[in-house]
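Overview (structure and organization)
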Amino acid sequence: MSAHERGNGSGITLILGATSSIGKSLARRLAAEGRGLIVAGRDEPELRAIADDLKIRYQVPVRVLRYDATDFESHPAFFATCAAGEDGPLTGVVFCQGAMFDQAEAERDFALSRQMIDVNYTSAVSLLSLAAAHLARRGTGYLCALSSVAGDRGRQSNFLYGATKSALTTYLQGLRNRLARQGVAVITVKPGFVDTAMTWGLLKPGSPLVASPDQVARAIERAIRQQKDHVYAPWFWRWIMAIIKSIPEPIFKRMRL
Amino acid sequence: MRAVNQVLNGWGNYTPCQSRVFRPERIRELFELMRNGDQEPSWIGRGLGRSYGDSALNPQGGTVLFERLDRLIDFDPQTGMVTCEAGVTFEALIRIFLQRGWFLSVTPGTKYITVGGAITSDIHGKNHHVDGTVSQFVESFDLLTGTGEVLTCSRSENTDAFWATVGGMGLTGLILRGRFRLLPVESAYLHVDFQRARNLDEAFALFQEGDQAYRYSVAWVDCLASGASLGRSVLMRGNHAAVAELPPRWRQSPSTVPLRRQHSVPFNFPDFALNPLCVKLFNALYYARNRDQQKIVDLDAFFYPLDALRHWNRMYGKRGFIQYQALFPPKSSRSGMIALLEAISRSRMASFLAVLKVTGAAGDGLLSFPKPGHTLALDLPNTGSRLRALIQRLDQIVLDHDGRLYLAKDATMSREAFSRMYERLDEFRRVKARLDPANRFVSAQARRLGIVEEG
């Protein structure tokens, strides 16, 4: 008996940004729980490699769909394709796509700022609004999106990235409020430092503050299973950010963080 | 791609090296990294860093981590043939396939190694006397060579690249993916015969009598015993158990290894922790505790006892240790083994139990380690000049008895010793010169041993 037949295989989860480090780890965690998946992203050969791996490892159905995060016009058709699968109803959507550029470079080059805004926020509104409508119609399911601790407070070192995540967090908050009575859970995940392709060479490997993508994926999977509203991943970032948020602005603005 | 500057080491923590480390997450990124030739003067691939010495270190160039290139590509449930990326670990293969009735055809004493590392070290296990090395079960692999080509290598295609890469310590290029056969097993258990041997001759005699009846055979030797007890050991030999042979309580889920608590060594032990007295006591107790008996043992306990203790290498402290693995051909193995054990026993250099095994037929890997005879592996803590002096004596004994040392363990051998031990070195160099004419793939070990002569 495959994990899919054994587990909560009734619904399919769509992973947007499935080629990201966290997206890949999360796909494994969800498939291990027996969920069927749609892995969606831009790099089609890579998506196929991910899907083959998941099918062999966990014996769950996995579909590959290519989409372009910033081609907003294409989103309704893309989402309709996602929702029309034969493996089972689409009951979950996880938003893992993200772009992060160096703050100083993005300050010099608006195109980079623009890309972060488009990929991290505008695209989320476009895709998650479609997903929200779909799930609300079904009256069940969940939406989960990766925000970031960087969105909790604007800091000189990465506020162009942080602001996009802050916007995403607020959007999810409102969406949660709207969908609460329609049986749809909205889960905000705020990872701290994660050892991903995005951060390779920027963080000190082996530091206790740096989590592996799998650690974060486990936290996300748990949050989805328990239908949490928002979680930090790993958990201790909740306390770190509580301290950072509590510093009065007149002091904070002079700090180097 | 950005590099991380990091101190890397072999598992023996003996040769720390400041390294520039790269970690592609997609095969395409790996290609881009290699195509951008100016980025680093040379490269070495690195799996989980379980080779003991300096074979996966390259302080003068770049080190490519394979840990995120870990996708399964194909699996045939009829034949047990797996195709996967080089960074897939043995631990993952067991986790995924054991419950479907498949186990590794060959495994070393740890499951924390990668497929790429297994092939480039041409690893062997407790079944070498009947099954040979891992390459016996490798159908093919894709190799990214120094000229930027991807060669599919097998016994019928790019044959010389196949046999140079098998056991070639990553010096012919980077293995991208491998295709190999798993072993069908009925359960996650083995029935094992434990047998004590009072000395080396008794151990040799027991091996000779019974080994063909067992797929797996190994002995733990007390290297501190001397005189009439020199080489006293406990033989552990077994076969995979059928479901019907299991006690009823395990028959429910015969393919599941019982969960054990993972323990971890949290920090490097101070130097005095492993003093000779402690080790002597431990070894004596170990010998006394093991009576001749038959037992049903699970895979983890039989193959991977040390994996239950994460970071066990830290027991040897910050200065690290050497794992010394020598092999003697049949004609000189008794005298070689005695000379080796006497030298070790006399040195009073603390070493936990050593592992003794009969090896079977040699493979065709140009730098593969195993050939017929006996092999002994043991840990020697780094005591500085005392260790270096001992190793010099041991190396001389190995050379005098036509023996050789295992490259996946080696951290100290001289070039002269190496070229005498590996008679096919020149053949290897010729194939490497063709696959990698500019010597783009180099390790600290390759430089030390003169496998690669840089201009």
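Cut-off values and rules
- Residues numbered from 1 in each chain as written.
- Chains lettered and ligands numbered in written order.
- Predicted model: local features only at pLDDT ≥ 70, side-chain atom pairs only at ≥ 80, totals over all residues.
- Heavy atoms only, no water.
- Helix = DSSP H or I, 4+ residues; strand = E, 2+ residues; numbered from the N terminus.
- Rg over C-alpha atoms; globule rule 2.2 N^0.38 Å.
- Contact = heavy atoms within 4.5 Å.
- Areas by Shrake-Rupley, 256 points an atom, 1.4 Å probe, with all protein chains shown as cover.
- Lys, Arg positive; Asp, Glu negative; His and termini not counted.
- Charge placed at Lys NZ, Arg CZ, Asp CG, Glu CD.
- Buried < 20%, exposed > 50% of the residue type's maximum accessible area, 1.4 Å probe, protein only.
- Buried area = accessible area lost by both parts, 1.4 Å probe.
- Salt bridge = Lys/Arg side-chain N within 4 Å of Asp/Glu carboxyl O.
- Polar contact = N/O pair within 3.5 Å; in protein donor to acceptor, adjacent residues only side chain to side chain.
- Nonpolar A, V, L, I, M, F, W, Y, C, P; charged D, E, K, R; others polar.
- Pairing = 2+ DSSP bridges.
- Axes fitted to C-alpha atoms, helices over the stretch in contact; angles between N-to-C directions.
- Phe/Tyr/Trp six-rings, centres within 6.5 Å; stacked < 30°, edge-to-face > 60°.
- Lys NZ or Arg CZ within 6 Å of the ring centre and 35° of its normal.
- Domains from an automatic or database assignment.
- Core = buried A, V, L, I, M, F, W, Y, C linked by side-chain atoms within 4.5 Å.

As a further point, take the overall build of chain B. A tally of regular secondary structure across chain B gives 14 helices and 21 strands. The C-alpha radius of gyration computed for chain B amounts to 21 Å, which stays within 12% of the reference 23 Å derived for 455 residues, consistent with globular compactness. Seen along its three principal axes, the alpha-carbon backbone of chain B occupies a region of about 60 × 55 × 45 Å. Long-range pairs, those at least 24 residues apart, make up 73% of the contacts in chain B with a sequence separation of at least 6. As presented, chain B carries roughly 18000 Å² of accessible surface, and 52% of it is formed by carbon and sulfur atoms. Each charge sign in chain B was given a centre, from 56 positive and 46 negative side chains, and these centres are 6 Å apart.

Helices and strands together make up the secondary structure of chain A, namely ten helices and seven strands. On C-alpha atoms alone, chain A measures out to a radius of gyration of 18 Å, which is about the 18 Å that the 2.2 N^0.38 rule sets for 257 residues. Overall, the C-alpha framework of chain A stretches about 60 × 35 × 35 Å when taken along its three principal axes. The buried share among the 257 residues of chain A stands at 54%.

Counting from both sides, the interface comprises 24 residues of chain A and, opposite them, 23 residues of chain B. Regarding the contact of chain A and chain B, the summed buried area is about 2000 Å², with carbon and sulfur atoms giving 44% of it. The largest per-residue losses of area from chain A upon contact with chain B belong to Ile 56, Arg 57 and Trp 200 of chain A, which jointly make up 39% of the total buried on that side. Linking chain A with chain B are seven salt bridges. Our count for the chain A to chain B interface comes out at 17 residue pairs in polar contact (both at pLDDT 80 or more). For the side of chain A that touches chain B, the elements supplying multiple residues, two or more each, are helix H2 (21-32) and helix H3 (44-58) of chain A. Ranked by residue count, the leading element in the side of chain A that touches chain B is H3 of chain A, at eight residues. Residues belonging to the side of chain A that touches chain B are distributed by class as follows: ten nonpolar, six polar and eight charged.

Looking now at the pattern of salt bridges. All told, the structure shown has 43 salt bridges over all chains when counted by the stated rule. Across the pair Arg 95 of chain B and Glu 91 of chain B runs a salt bridge whose closest N-O atoms are separated by 3.0 Å. Of this pair, Arg 95 of chain B and Glu 91 of chain B both sit in helix H2 (residues 90-97), four residues apart, which is roughly one turn of that helix. Here the salt bridges share partners, and the residues they tie into one network are Lys 24 and Asp 195 of chain A together with Arg 23, Glu 25, Glu 67 and Arg 68 of chain B.

Residue and element names in this part refer to chain B. Taken in spatial order, the four strands of this open sheet run E1-E2-E4-E3, and their pairing is mixed. The outermost strands of the open sheet, each flanked by one partner alone, are strand E1 (4-8) and strand E3 (43-46). Each neighbouring strand pair of the sheet contributes to a mean axis angle of 45°, computed without reference to strand direction.

Further remarks concern the side chain of Arg 50 of chain B. All names here are of chain B. The topology assignment puts Arg 50 in the loop between E3 and strand E4 (62-65). At 4.1 Å, Asp 307 is the nearest oppositely charged side chain to Arg 50, a buried residue that forms no salt bridge. Not counting chain neighbours up to four residues away, the residues in contact with Arg 50 comprise Trp 11, Thr 110, Tyr 112, Ile 113, Asp 307 and Trp 312.

Applying the stated rule across the entire model yields 22 aromatic pairs over all chains. Relative to Trp 237 of chain A, the ring of Phe 193 of chain A has its centre 5.1 Å away and its plane inclined at 80°; by these criteria the two rings are edge-to-face. In this pair, Phe 193 of chain A sits in the loop between strand E6 (185-191) and helix H8 (213-225) while Trp 237 of chain A sits in helix H9 (residues 237-246), placing the two residues 44 residues apart along the sequence. Given the relative accessible area of 35%, Phe 193 of chain A is considered partly exposed. Relative to Phe 321 of chain B, the ring of Trp 312 of chain B has its centre 5.6 Å away and its plane inclined at 45°; by these criteria the two rings are tilted. Assigned by exposure class, Trp 312 of chain B and Phe 321 of chain B land together as buried. Cluster of aromatic residues (ring-pair linked, three or more members): Trp 11, Tyr 52, Trp 312, Tyr 316 and Phe 321 of chain B. The ring of Phe 302 of chain B is capped by Lys 126 of chain B, whose NZ or CZ atom sits 5.5 Å from the centre of that ring. The ring of Trp 250 of chain B has Arg 249 of chain B sitting right over it, with the charged end atom 4.6 Å from the ring centre.

Okay, the pairing of strand E20 (residues 373-381) of chain B next. Residues and elements named next belong to chain B. Here E20 lies mainly inside the structure; nine of its nine residues are buried. Sheet topology note: the strand E18 (residues 321-328)/E20 ladder contains eight bridges and is antiparallel. When the bridges of E20 are listed, Leu 327 appears paired with Thr 375. Bridging between strand E19 (residues 354-359) and E20 involves five bridges; their strand directions are antiparallel. Bridge pairing in E20 places Val 355 opposite Ala 377.

To continue, consider the domain arrangement of chain B. Residues and elements named next belong to chain B. Its domain assignment divides chain B into domain 1 (72-185) and domain 2 (189-418). Once you take the C-alpha centre of each, domain 1 and domain 2 turn out to be 24 Å apart. Between domain 1 and domain 2, the contact holds 31 residues from the first and 34 residues from the second. There are two salt bridges connecting domain 1 and domain 2. Our count for the domain 1 to domain 2 interface comes out at 14 residue pairs in polar contact (both at pLDDT 80 or more). In terms of residue count, the dominant contributor to the side of domain 1 that touches domain 2 is helix H4 (residues 128-131) (four residues). Grouping the constituent residues of the side of domain 1 that touches domain 2 by class yields 14 nonpolar, 13 polar and four charged.

The biggest cluster of nonpolar side chains holds 135 residues, and the ones touching the most others in it are Leu 93, Phe 97, Phe 103, Tyr 324, Leu 340 and Leu 356 of chain B. Take this core: its biggest share by element is seven residues, from helix H11 (residues 385-400) of chain B. Split by domain, this core shows at least three residues from each of two domains, domain 1 (72-185) and domain 2 (189-418) of chain B. Once residues within four sequence positions are removed from consideration, Phe 97 of chain B is found in contact with Ile 56 of chain A together with Leu 72, Phe 75, Val 82, Trp 102 and Leu 182 of chain B. Core analysis: the second largest hydrophobic core is formed by 34 residues, Leu 30, Val 60, Leu 146 and Val 231 of chain A among them.

Attention now moves to the sheet that holds strand E5 (residues 72-76) of chain B. All names here are of chain B. On the basis of which strands lie adjacent, the open sheet formed by five strands has the order E5-E6-E10-E8-E9 and antiparallel pairing. What marks the edges here is a single partner per strand, and that holds for E5 and strand E9 (150-154). Each strand axis lies, on average, 10° off the axis of its neighbour in the sheet, ignoring direction. Two elements, strand E6 (residues 81-85) and strand E10 (residues 174-181), share five bridges in a ladder whose sense is antiparallel. The residue bridging Cys 84 from the neighbouring strand is Gly 178, located in E10. Relative to E5, H2 is tilted by about 45°, and along the sheet it contacts E5, E6 and E10.

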